Amino acid sequence: QKEVEQNSGPLSVPEGAIASLNCTYSDRGSQSFFWYRQYSGKSPELIMSIYSNGDKEDGRFTAQLNKASQYVSLLIRDSQPSDSATYLCAVNRGNQAGTALIFGKGTTLSVSS
Amino acid sequence: GAGVSQSPSNKVTEKGKDVELRCDPISGHTALYWYRQSLGQGLEFLIYFQGNSAPDKSGLPSDRFSAERTGGSVSTLTIQRTQQEDSAVYLCASSSSIGGQGHFGDGTRLSIL
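All figures in this text were calculated on a predicted structure; none of them were measured in a lab.

**Q** Would you explain the overall build of chain B in this entry?
**A** Along chain B, the regular secondary structure elements total zero helices and 11 strands. Written out in order from the N terminus, the α and β elements of chain B read β-β-β-β-β-β-β-β-β-β-β. On C-alpha atoms alone, chain B measures out to a radius of gyration of 13 Å, which is about the 13 Å that the 2.2 N^0.38 rule sets for 113 residues. On the principal axes, the C-alpha backbone points of chain B span a range of 35 × 25 × 25 Å. The buried share of chain B, taken over its 113 residues, is 48%.

**Q** Help me understand the overall build of chain A in this model?
**A** Within chain A, the secondary structure is distributed over zero helices and 11 strands. For chain A, the α and β elements follow one another from N to C terminus as β-β-β-β-β-β-β-β-β-β-β. For a compact globule of 113 residues, the expected C-alpha radius of gyration is about 13 Å, and chain A comes in at 14 Å, within 12% of that figure. The principal-axis extent of the C-alpha atoms belonging to chain A is close to 45 × 30 × 20 Å. Out of the 113 residues belonging to chain A, those deemed buried represent 46%. Counting only contacts in chain A whose residues sit at least 6 apart along the sequence, the fraction spanning at least 24 positions is 54%. Within the structure as shown, chain A displays about 5,300 Å² of accessible surface, and the carbon and sulfur contribution to it stands at 45%.

**Q** Looking at this structure, how should I read the sheet that holds strand E1 (residues 5-7) of chain B?
**A** Within a beta sheet, neighbouring strands are joined by backbone hydrogen bonds and run either parallel or antiparallel to one another. Residue and element names in this part refer to chain B. Strand order in this open sheet of four strands is E1-E3-E8-E7, and the pairing throughout is antiparallel. Here the strands that pair on one side only, and so sit at the sheet edges, are E1 and strand E7 (65-69). In this sheet, adjacent strand axes meet at a mean angle of 15° when their direction is disregarded.

**Q** Quick question: what am I supposed to make of unusual backbone geometry here?
**A** In most cases, non-glycine residues show a negative phi, while peptide bonds are predominantly trans. With an omega of 10°, the peptide bond running from A:Gly9 to A:Pro10 counts as cis. Along the chain, B:Ser7 connects to B:Pro8 via a cis peptide bond; the corresponding omega equals -10°. For B:Pro8, the position within the fold is in the loop between E1 and strand E2 (10-13). Here A:Gln70, not a glycine, exhibits a phi torsion of approximately 55°, which is positive. Summarising the element assignment, A:Gln70 is placed in the loop between strand E7 (61-66) and strand E8 (71-76). Relative accessible area serves as the criterion here: at 12%, A:Gln70 is assigned to the buried category.

**Q** Is there a simple way to explain the state of the cysteines in this structure?
**A** Two cysteines whose sulfur atoms are joined by a covalent bond form what is called a disulfide. Residues and elements named next belong to chain A. Here the structure, examined in full by the defined rule, presents two disulfides over all chains. A sulfur-sulfur separation of 2.1 Å characterises the disulfide bridge that pairs Cys23 with Cys89. Handedness of the Cys23-Cys89 disulfide follows from its S-S torsion of about -70°: it is left-handed. Residue Cys23 is located in strand E3 (residues 19-25), and its partner Cys89 is located in strand E9 (residues 85-92); the two are separated by 66 residues in the primary sequence.

**Q** In this structure, what is going on with the interface of chain A and chain B? I would like to understand it.
**A** When the parts of a complex come together, some accessible area is lost, and that lost area is often used as the size of the interface. Each side of the interface is counted separately: chain A has 19 residues, and chain B has 20 residues. At the boundary of chain A with chain B, the tally comes to zero salt bridges. Our count for the contact surface shared by chain A and chain B stands at three residue pairs in polar contact (both at pLDDT 80 or more). Elements that contribute at least two residues to the side of chain A that touches chain B include exactly strand E4 (33-38) and strand E10 (101-103) of chain A. Looking at the side of chain A that touches chain B, its residues break down into 11 nonpolar, six polar and two charged.

**Q** Before we go on, may I ask you to explain the nonpolar core in this structure?
**A** Side chains of a nonpolar character, in soluble globular proteins, are inclined to be buried together. In terms of nonpolar packing, the biggest core is built from 41 residues, with A:Trp35, A:Leu74, A:Tyr87, A:Phe103 and B:Tyr35 touching the most fellow members. Tallying contributions element by element places E9(A) first for this core, with six residues. The contact partners of A:Leu74, leaving out residues within four places of it in the chain, are A:Ala19, A:Ser20, A:Leu21, A:Trp35, A:Ile47, A:Met48, A:Phe61, A:Thr62, A:Ala63 and A:Tyr87. The next biggest cluster of nonpolar side chains, apart from the first, holds 19 residues, and it includes B:Leu21, B:Cys23, B:Ile26 and B:Leu46.

**Q** I keep staring at the side chain of B:His29 and nothing clicks. Help me out?
**A** Residue and element names in this part refer to chain B. Tracing the chain through its elements places His29 in the loop between strand E3 (19-24) and strand E4 (31-37). For His29, a relative accessible area of 11% puts it in the buried group. Looking at His29, its side chain comes within polar contact range of the side chain of Ser94, at 2.8 Å. Filtering out sequence-adjacent residues up to four positions away, His29 remains in contact with Arg69, Gly72, Ser94, Ser95, Ser96 and His103.

Rules used in this analysis
- Residues numbered from 1 in each chain as written.
- Chains lettered and ligands numbered in written order.
- Predicted model: local features only at pLDDT ≥ 70, side-chain atom pairs only at ≥ 80, totals over all residues.
- Heavy atoms only, no water.
- Helix = DSSP H or I, 4+ residues; strand = E, 2+ residues; numbered from the N terminus.
- Rg over C-alpha atoms; globule rule 2.2 N^0.38 Å.
- Buried < 20%, exposed > 50% of the residue type's maximum accessible area, 1.4 Å probe, protein only.
- Contact = heavy atoms within 4.5 Å.
- Areas by Shrake-Rupley, 256 points an atom, 1.4 Å probe, with all protein chains shown as cover.
- Pairing = 2+ DSSP bridges.
- Axes fitted to C-alpha atoms, helices over the stretch in contact; angles between N-to-C directions.
- Disulfide = S-S within 2.5 Å.
- Salt bridge = Lys/Arg side-chain N within 4 Å of Asp/Glu carboxyl O.
- Polar contact = N/O pair within 3.5 Å; in protein donor to acceptor, adjacent residues only side chain to side chain.
- Nonpolar A, V, L, I, M, F, W, Y, C, P; charged D, E, K, R; others polar.
- Core = buried A, V, L, I, M, F, W, Y, C linked by side-chain atoms within 4.5 Å.

What follows is the structure in structure tokens.
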């Protein structure tokens, strides 16, 4: 089982719709969860972090975490064409200090105008 | 500088040559990570530094790969006797806390002929 799994997509949504991106992880001891956005040819850019079960909202973005189900998601409301990118889910490897972030392979999102 | 700086931005070299990639993290960031990303793939973890020590080097693919960090700042990733499968974008990230979100540099695009 891969440590962090995401559907590769592409996920296609019309402008103004809600985009829902999902991620599952295998290490039950993981404590920190991140969503990065990566435009083609660019490096990843952090957009959300979440550490506790539940929802965390930041502007049009909402991250959701369910540690019991080992599941983290990202909702993008009022999707814009500029949101078209690959979204990477990242999870810290364990619950000890000195751990590295492990990334999923990313979900490609396409927002059509 | 304001962000993570990587050099060179592009490197083309012949198979069998050694290469050195440099990462200058955000000032004051104690954690430094190296990843690589092959075309269309996710980020593959290579090594993590906390200060000058490397608690986790489990991602280094072979003994041809090594990395060091000096003065708690600049890090160098060295690949000896390069192979074509080493071709990828090598990304460096730094963070101010262990397991915290990483801020990425623009990467070094390495091409092995």
